[in-house]
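# Residue-level structural notes
Each chain, letter by letter, is given below.
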Amino acid sequence: MYVIIVLVLVLAFCRACIRADVPEEQKPILRYKIEDESTSYQTEKNVTINGVDYLESQLPNGKFGGTFVTSTIGEGPKTFNPFNAKDNISSAMSEIMYDGLVTTDPETGETIPKLAKSFTVNGCEYLINLRKGLKWSDGKPITADDVVFTWQNIIFDGYGNTSTRDSVVIEGKLPTVEKIDDYTVKFVTPKPFAPFLRMLSSPIAPKHIFQTAVNRGKEYFDGFLSTNTEPKEFVTSGAFRLKEYVPAQRVVFEKNPNYYVINKNGEKLPYLDKLVYLIVGDINNQVLKFEGGELDEISLQGSNVARFKEMEKHSDFRVYNIGPDTGTMYIAMNMNNRTDENGKFYVNPVKQRWFQDKNFRQAVDYALDRKNMVFNIANGLAEPLFTPETLNSIFLNKNLPAYGKDIKKSEELLKKSGFRRDKAGHLVDKYGNHVEFDLYTNAGNTEREAIGVMVKQDLEDLGMKVNFKPIEFNSLVNKLMATLDWDMVIMGFTGSPLEPNGGKNVWLSDGTLHIFNQRLEKDLSSKRYPFENRIDYLYNQGALATKFEDRKKFYDEYQEIVYDEKPLIYIYSPIRIVALRNKFKNIYPTSLGGVTHNLEEIYIEDK
Amino acid sequence: MQILLYILKRIIQTIPLLIIVSLISFFIIRLSPVDPLAELRLNPSVSKETLQKETERLGLDKPIIVQYGKWAKSFIKGDLGVTSNGERVSTKLKERIPNTLLLTVVVIFLSWIVGIPLGILAAVNWKTPFDRILTVLTSIGMAIPSFFFAVLLLIFAVKTGWFPVGGLTSSNFLEMSFPQKFWDITHHLILPVTVLFTISLAGLQRQMRANLLDVLDGDYVKFARAKGLSETKVIFKHALRNAVNPLITLLGFEFAGLLSGAALTEYVFQYPGLGRLILEAVLKSDINLVMASLMMGAIMLIAGNLIADILLIITDPRIRGGQA
Amino acid sequence: MIKDLIKQLMQDKFARIALIVLILIYTALLFADFIAPYTIDFSDRTMAYVPPSKIFTIDENGKFSKPYTYNYKREFDDTDLKIVYTLDRSQKHYVKFFAKGQPYKFLGLIPMKRHLITTDNDGRLFLLGADINGRDVFSRLLFGGRISMTIGFLALFVLFPIGLLYGGIAGYLGGKTDIIMMRFAEAVMCIPSFYLLIILASILPSGMTSVQRFLLIVIILALIGWAGFARVVRGMVLSIKNQEYVQAAKSIGASRLRIIVKHILPQTTSFVIVAMTLSVPSYILSESGLSFLGLGIQQPDASWGNMLKEAQEYTNIIYRPWLLTPGFLIFVAVLAFNLIGDTIRDVLDPKSKVR
């Protein structure tokens, strides 16, 4: 019996060993034709019918009805109150329900009117004309009172998440808001302040609902319109309103019957009856749900893209390449030169000399093999990145050339600063210290862990000794923000393609996310590096200038400084790929807005 | 009366236990370098003032012992506090408890009605090929990492399209009629139940087998056999009745496990249960939520043991005399 | 007794196969440096995710030849947005046995260069393909197995003495000591073990070397297991301590610790052996669960758990099935341990209630 089994195994092994070297025939590659929709997106236009100022869709008329199912990764919304939202998902959910005065043109990135019919900017004065005849979802009119209430009594008075308020404080002063008449509002900023216009996209709240909550104090407000609130109690201005929230499963929105966008037949949009966000835990599950037909839209990454591309030919969806995403991946070195309360340096003084040496940072940069990182880790679906502004940013400085791995250049730079190799090939600095440090990233993130492994190898080519240590995300943040005892880290941020001022927490030298030289409360007035001072200046000036061309000059220079000084060494920016079912029409993907920026105009074509 | 006194005594005994559990867990969690505000801190659009407010709200700026005192005080009052997102812990738990109960009750029910008979069959046919094969099969059930099994089943669901991909209800659940709702939930439950069933079945079958073997070895069974009773009669009349006691203890443990959830399985299937909630809370060091769920687990365990003991007293007069 | 045990084991068909499998695995792990074509951190980044090397024994002219392989080359196809792997047929790389390759220390002592199987320096022999960093999965399986297959045993060696002593003392002394000690053990048991595991793993100080991390995970696993074990031991001690020879030892004035260690604990041997073999697999599974959550062994070190993590991605399961091999090995090893444990229990302690 055993003899037979062993014999079979041996035979199987021999069979496996004998393999003929016959080149596979090249299969003819079937190229799938994509009909190119070259027509670009037409922004909605103002029209007035019977004294009501509607927005009219310029796209072909569609059919009413149907559901659009999309998803969000994570734990789902934490609140539905737009003023309490601190995380992206909660803000996204509330933005669906509450429109702001202005919005962003998905094609050009310009600020265009939304709830406002029009606006004029005159230095510090922002005059907003509201649409007449608009109604909240409960039928009450939307007027200047709501706008003034929202900005004065909620935002400026510091209710909920005060981030909006904090970012419009200009030299210690808040802007003012004033009702001119029922449909006109005037904002005045203490100084010209370019980012303010875009801040006006903050949601507007219905005064008759929020008033009581505001009267009951900030603590009450923090729990107001939480995820436990009955959906019926939401009064909204956006295209959809809440219908159902099932924790850890989904959020269901239904059409707002009073929405102010109409199609060319004068029928009120949105076309869709329902909008569903499934709450999924991770990318894997999201992909499975899309394939199982439970989702209509999905963002794809890495090797999934190739598979979806292949399936696209015989499936009911299309894969859209939207271009560079807003995500960035970077390496930072701890340039901190201060001591803690006990007089101990956060960073070992020996290592400080390396990390504060521009040549050293540049050498690290030139040693990185971005090309293979893009290839291996992002499956080719990313672009090498050299500046803090992402590749789709309207403020991107296009004059900064890209480069590849250049070990020779790295070694030259190191030599300039007195580094040399000892007999064993280890890099030593000019005082004879071995160059050895820790490289951190958050454990469990396959992408960053894989980058870490490659960075370690790249730097070891220079003779450095790198101890790569992925640690738990929360512990890592604690290190970066509080204990400051780290050497080098791989992290990522999500940037804003429209407003560099959104990155001020990172780039201002006293910012809360000034990661490469984090200043704790007690160190806020400590000495700055010259380049930090310059970036502070550029950032402040960039925000105060109002014309795009003037601002661009300031932001161009800040990018040049980062490109040269390398406080953060950017690695790559992924390309955004979205798959969407074919049954949805009126789809006009743009780099800034993605695929579903015009949700109210999207309709389902029956087969 | 005696029983009531016994119960009272047991309840009083649990108090120090609960204190120790809460102390251990609280200190381990708070001593960890994990920052509950990590996500907020890394969000470029969150301002310093907001962070400061959050720190104060969660009491992170106070010494641990003060934090513990604050927590314990409100816990005794029945206030479980708020999560690091500012939601009430009690509502958060309330959302998840029914889902987890549903899943575990179904799994326990199925594994008992399958596991107990299989255990009896294996014990009766001790050392026969049937017994061996069952042992190997249950070993296989125990050898697959549960999360891995779950992932494979999910892929199976996508490939065949026979089952929904995770979750508990479909997106149009609200509009369904009652039979449709019932079917929808059943449909979603099949895969996670399969995973958990496979795991618990193996354990239960082994337990029952061992119990019965133990009893079959007892003197009175030998005596009954010697009397010339048929084997079926011996097993069902004498052996099984005595094999019930350990099962009652086991039932107590199962009761305790009702609310602890199966974190990894729930995670892979995106099941909206307690296990996933606690897992995420632990990873984020969301202290109030973790503490509440740990205390709940401890109380359930104690209650389970207590119920088992009381049942034992009722079913078995011998123990009553000895213990109470 | 041991000899007897092995004899009994070899008589059982399943146990025999399981034992052979385990011996094979452990031998392979012991000689991992020699068997593996590459060292644990060898990587060729131009070879990320390449499929297993194809080994040919019949050349393109249809003649038998020494076994050889081709390297893969890859290209990015920008219409299909995917990376295409093709064989680079321009150069043959012959498979060599006992040839020189990457230097290593045999059994950690003797510096050596020879490997069981390798190919020339430009060639890449990836028997089970490569992972995201272009590292050889086959080699890493061998090195990772060293961690996965020993972590359970080490944890047991830490927790058994603790549990034995703790349970022994509590059971023997009885009274208030017993109550206090048992309440504490019960409190530890009250915390669901999986969450305790995560909490403990997440407080591991960062910046540890891989050896330290490994040892700490061992200790964590042990910290979770001891309480339940101590409780069972206490129960056994309670019944043993009234036996005559214990009473006899007491009367001749042996110290309490001596009585516990010398007279009482040895009585629990068979229980200990059974419990040990049956709990090794659960520790192997725990390690993989921890690594699944990113809290176990960390990159660039390998363990079966953290290698399997990479295979969780749906596309990897479909396109790169070779990444699943660690899962398969975990399954085989755990199954083998379970089968042996069952048999040992039947031999030593047929009525045991240990699951």
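### Things to note about the overall build of chain C
Helix and strand counts for chain C stand at 13 helices and four strands. Each principal axis of the C-alpha distribution contributes one length, and for chain C these read about 90 × 45 × 35 Å. Residues classed as buried in chain C amount to 56% of the 355 residues present. Within chain C, contacts between residues at least 6 apart in sequence are counted, and of these 67% link residues at least 24 apart. Split by element, the accessible area of chain C, about 15,000 Å² in all, is 64% carbon and sulfur. A gap of 10 Å separates the mean positions of the 38 positive and 26 negative side-chain charges of chain C.

### Topic: the overall build of chain A
The helix and strand tally for chain A stands at 18 helices and 25 strands. Relative to the 2.2 N^0.38 estimate, which gives 25 Å for 607 residues, the radius of gyration of chain A is 28 Å and therefore close to what a compact globule would have. When each of the 607 residues of chain A is scored for burial, the buried share is 58%. For chain A, long-range pairs separated by at least 24 residues make up 69% of all intrachain contacts whose partners lie at least 6 apart in sequence. Surface summary for chain A: the accessible area is close to 24,800 Å², and the carbon and sulfur share equals 51%.

### Digging into a positive patch on the surface
All names here are of chain B. Positive charge collects at one region of the surface, where K227, K233, K237 and R241 lie side by side. Residue placement: K233 occurs in helix α10 (residues 231-257). By relative accessible area, which is 43% here, K233 ends up partly exposed.

### Some words on the packing of helix α8 (residues 283-291) of chain A against helix α7 (residues 146-160) of chain B
Axis separation between α8(A) and α7(B) bottoms out at 9 Å; the angle between their running directions is 20°. Here α8(A) lies roughly parallel to α7(B), going by the angle between them. The crossing of α8(A) and α7(B) is left-handed. Residues N285(A), L288(A) and E291(A) of α8(A) pack against L154(B), I155(B) and V158(B) of α7(B).

### Some thoughts on the side chain of R448(A)
Residue and element names in this part refer to chain A. Relative to the helices and strands, R448 resides in helix α14 (residues 446-460). E447 is the oppositely charged side chain nearest to the buried, salt-bridge-free R448, at an N-O distance of 5.8 Å. Aside from chain neighbours lying at most four places away, what touches R448 is M329, T441, N442, F468, I490, M491 and G492.

### Focus: the sheet that holds strand β8 (residues 176-181) of chain A
Residue and element names in this part refer to chain A. The strand order across the open sheet formed by four strands is β6-β7-β9-β8, and the pairing between neighbours is antiparallel. Either end of the sheet is taken by a strand with one partner, and the two such strands are β6 (116-122) and β8. Taken over all neighbouring pairs, the strand axes of this sheet differ in orientation by 20° on average, direction set aside. The sheet contact formed by β8 and strand β9 (residues 184-188) spans five bridges and is antiparallel. Residue pairing across strands places K179 opposite V185, the latter belonging to β9. Across the face of the sheet, helix α3 (residues 144-156) comes into contact with β7 (125-130), β8 and β9 while running at roughly 165° to β8.

### A look at the pairing of strand β15 (residues 317-324) of chain A
All names here are of chain A. Among the eight residues that make up β15, six are buried, leaving the element largely enclosed by the rest of the structure. Here β15 runs beside strand β23 (residues 568-581); their pairing, made up of seven bridges, is antiparallel. Bridge pairing in β23 links N321 to I577.

### Considering the sheet that holds strand β2 (residues 64-77) of chain C
The four strands lie next to each other as β1-β2-β3-β4 (chain C), forming an open sheet whose pairing is antiparallel. For this open sheet the edge positions go to β1 (55-58) and β4 (110-119) of chain C, each flanked by a neighbour on one side alone. Direction aside, neighbouring strands of the sheet carry axes that sit 45° apart on average. Where β2(C) meets strand β3 (residues 82-106) of chain C, nine bridges bridge the pair, whose relative direction is antiparallel. Directly across from F76(C), in β3(C), lies its bridge partner I83(C). Strand contacts of helix α12 (residues 370-377) of chain A: β2 and β3 of chain C, with the helix running at about 100° to β2(C), the strand carrying the most contacts.

### Some words on the packing of aromatic side chains
Where two aromatic rings form a pair, the distance of their centres and the angle of their planes describe that pair. In this structure the tally under the stated criterion is 62 aromatic pairs over all chains. An angle of 80° between the planes, with centres 5.3 Å apart, marks the rings of F395(A) and Y555(A) as edge-to-face. A residue pair is termed long-range when its members are at least 10 positions apart, and F395(A) in the loop between β17 (382-384) and α13 (407-416) and Y555(A) in helix α18 (residues 548-565) qualify at 160 residues. Through a chain of ring-to-ring contacts, three or more aromatic side chains come together here, namely F395(A), W507(A), F516(A), Y529(A), F531(A), Y539(A), F548(A), Y555(A) and Y558(A). Between R320(C) and the ring centre of Y49(C), over which it is positioned, the NZ or CZ distance is 3.7 Å.

### Thoughts on the interface of chain C and chain B
In this complex, chain C contributes 48 residues to the contact, which on the side of chain B involves 55 residues. Note on chain C versus chain B: buried area summed over both sides is about 4,500 Å², and carbon and sulfur give 74% of it. Remark: the boundary between chain C and chain B carries zero salt bridges. Here chain C and chain B share zero residue pairs in polar contact (both at pLDDT 80 or more) between them. Elements with a minimum of two residues in the side of chain C that touches chain B: α5 (175-190), α6 (193-202), α10 (269-292), α12 (314-319) and α13 (325-348) of chain C. A per-element tally of the side of chain C that touches chain B places α13(C) first, with eleven residues.

### Overview of the confidence of the model for chain A
Averaged over every residue, the pLDDT of chain A is 86; residues scoring 70 or more account for 95%. Scored below 50 in pLDDT, residues 26-36 of chain A makes nine contacts in the model with residues more than four places away or belonging to other chains.

### Comments concerning the interface of chain A and chain C
Taken together, the contact pairs 49 residues of chain A with 51 residues of chain C. Contact between chain A and chain C buries roughly 4,200 Å² in total, counting both sides, with carbon and sulfur atoms accounting for 52%. Applying the counting rule to chain A against chain C returns zero salt bridges. Taken together, the links from chain A to chain C amount to zero residue pairs in polar contact (both at pLDDT 80 or more). Sort the elements by how many residues they give to the side of chain A that touches chain C and α14(A) lands first, with eight residues.

### Brief notes about the packing of α7(B) against helix α8 (residues 178-216) of chain B
All names here are of chain B. At a minimum axis separation of 10 Å, α7 and α8 run at an interaxial angle of 145°. Crossing of α7 over α8 shows right-handed handedness. Mapping the contact onto sequence places S146, F149, A150, L153 and A157 in α7 and L191, T194, V195, T198 and I199 in α8. Split by residue class, the contact of α7 with α8 holds seven nonpolar, three polar and no charged.

### A few points about the nonpolar core
Within the largest apolar cluster, 215 residues are counted, with the highest numbers of intra-cluster contacts made by F308(A), F360(A), F437(A), L459(A), M464(A) and Y572(A). It is helix α4 (residues 137-173) of chain C that contributes the most residues to this core, 16 residues altogether. Formed by 110 residues, the second largest nonpolar core is a distinct cluster that contains L130(A), Y271(A), F395(A) and V477(A).

### Structural notes on α12(A)
With respect to burial, α12(A) is a largely interior element, seven of its eight residues being buried. Of the residues making up α12(A), those classed as buried are R370(A), N372(A), M373(A), V374(A), F375(A), N376(A) and I377(A). In this structure, the buried side of α12(A) is in contact with α11 (358-367), β17, α14 and β23 of chain A together with β2 and β3 of chain C. Taken from the residues just after α12(A), N379(A) is the one with a positive phi, measuring 55°.

### Considering a nonpolar patch on the surface
Residues and elements named next belong to chain C. Where nonpolar side chains cluster on the molecular surface, the patch consists of F153, L154, F157, V211 and L215 and spans about 450 Å² of accessible area. Every element with two or more residues in the nonpolar patch is listed here: α4 and α7 (210-240). Relative to the helices and strands, L154 resides in helix α4. Residue L154 is classed as partly exposed on the basis of its relative accessible area of 35%.

### Concerning the pattern of salt bridges
Residues and elements named next belong to chain A. Tallying each qualifying case throughout the model produces 39 salt bridges over all chains. A salt bridge links R307 to E291, with the shortest nitrogen-to-oxygen separation between them at 2.2 Å. With R307 in helix α9 (residues 302-312) and E291 in helix α8, this pair connects stretches of sequence that are 16 residues apart. With a relative accessible area of 4%, R307 lands in the buried category. For D458, the salt bridge goes to K405, with nearest N and O atoms at 2.7 Å. Linking D458 in helix α14 with K405 in the loop between β17 and α13, this pair joins segments that are 53 residues apart in sequence. Residues joined in a network through salt bridges with shared partners are D145, K179 and D182.

Rules and cut-offs
- Within every chain, residues take consecutive numbers counted from 1 along the sequence as written.
- All chains are assigned letters beginning at A, and all ligands numbers beginning at 1, according to the order in which they are written.
- Only residues with pLDDT of at least 70 get local features here, since the model is predicted, and only at 80 or more are side-chain atom pairs given and counted; chain-wide, interface and lining totals rely on the full set of residues.
- Side-chain metrics in this entry use all non-hydrogen atoms of the structure; hydrogen atoms and water are not considered.
- In this description a helix means any DSSP run of H or I spanning at least four residues, a strand means any run of E spanning at least two, and both kinds are numbered starting from the N terminus.
- Exposed residues in this analysis have more than 50% of their type's maximum accessible area, buried residues have under 20%, and partly exposed residues fall in between, with area computed by a 1.4 Å probe over protein chains only.
- In this analysis, two residues are considered to be in contact whenever any of their non-hydrogen atoms come within 4.5 Å of each other.
- For every accessible area listed, the method is Shrake-Rupley and the probe measures 1.4 Å; residues are considered covered only by the protein chains on display.
- Counting rule applied: Lys, Arg positive; Asp, Glu negative; His and chain ends not counted.
- A charged residue contributes its charge at one atom only: NZ of Lys, CZ of Arg, CG of Asp or CD of Glu.
- In this description the radius of gyration comes from C-alpha coordinates, and the expected globular size is given by 2.2 Å times residues to the power 0.38.
- For patch detection, residues must exceed 30% relative accessible area and be free of salt bridges, and they are connected within 9 Å for like charges or within 5 Å for nonpolar side chains (Val, Leu, Ile, Met, Phe, Trp, Tyr).
- Salt bridges are identified by distance alone: a Lys or Arg side-chain nitrogen within 4 Å of an Asp or Glu carboxyl oxygen.
- Axis geometry follows a simple rule: fit a line to the C-alpha atoms, using only the stretch in contact for helices, then measure angles between N-to-C directions, giving values from 0 to 180 degrees.
- An angle counts as roughly parallel when it lies under 35 degrees, as roughly antiparallel when it exceeds 145, as roughly perpendicular when it falls between 65 and 115, and as oblique in every other case.
- For any helix crossing, the convention is left-handed if the near helix is rotated counterclockwise from the far helix by under a right angle, and right-handed if that rotation is clockwise.
- When DSSP locates at least two bridges between a pair of strands, those strands are taken to pair.
- A pair of aromatic rings is counted whenever rings of Phe, Tyr or Trp (Trp by its six-membered ring) have centres within 6.5 Å, and the orientation is called stacked for planes under 30 degrees apart, edge-to-face for over 60 and tilted otherwise.
- Our definition puts a charge over a ring when NZ of Lys or CZ of Arg is within 6 Å of the ring centre and also within 35 degrees of the ring normal.
- Buried area is a sum: the accessible area each of two parts loses on coming together, probed at 1.4 Å, counted once for each and added.
- The definition of a polar contact used here is a pair of N or O atoms within 3.5 Å, where within protein one atom must be able to donate a hydrogen and the other to accept one, and adjacent residues in sequence count solely through side-chain atom pairs.
- By definition, pLDDT measures how confident the predictor is in each residue, and it falls between 0 and 100.
- Each residue is assigned to one of three groups, with Ala, Val, Leu, Ile, Met, Phe, Trp, Tyr, Cys and Pro labelled nonpolar, Asp, Glu, Lys and Arg labelled charged, and all others, Gly among them, labelled polar.
- Take the buried Ala, Val, Leu, Ile, Met, Phe, Trp, Tyr and Cys residues and link them wherever side-chain atoms come within 4.5 Å; each set so joined is a nonpolar core.

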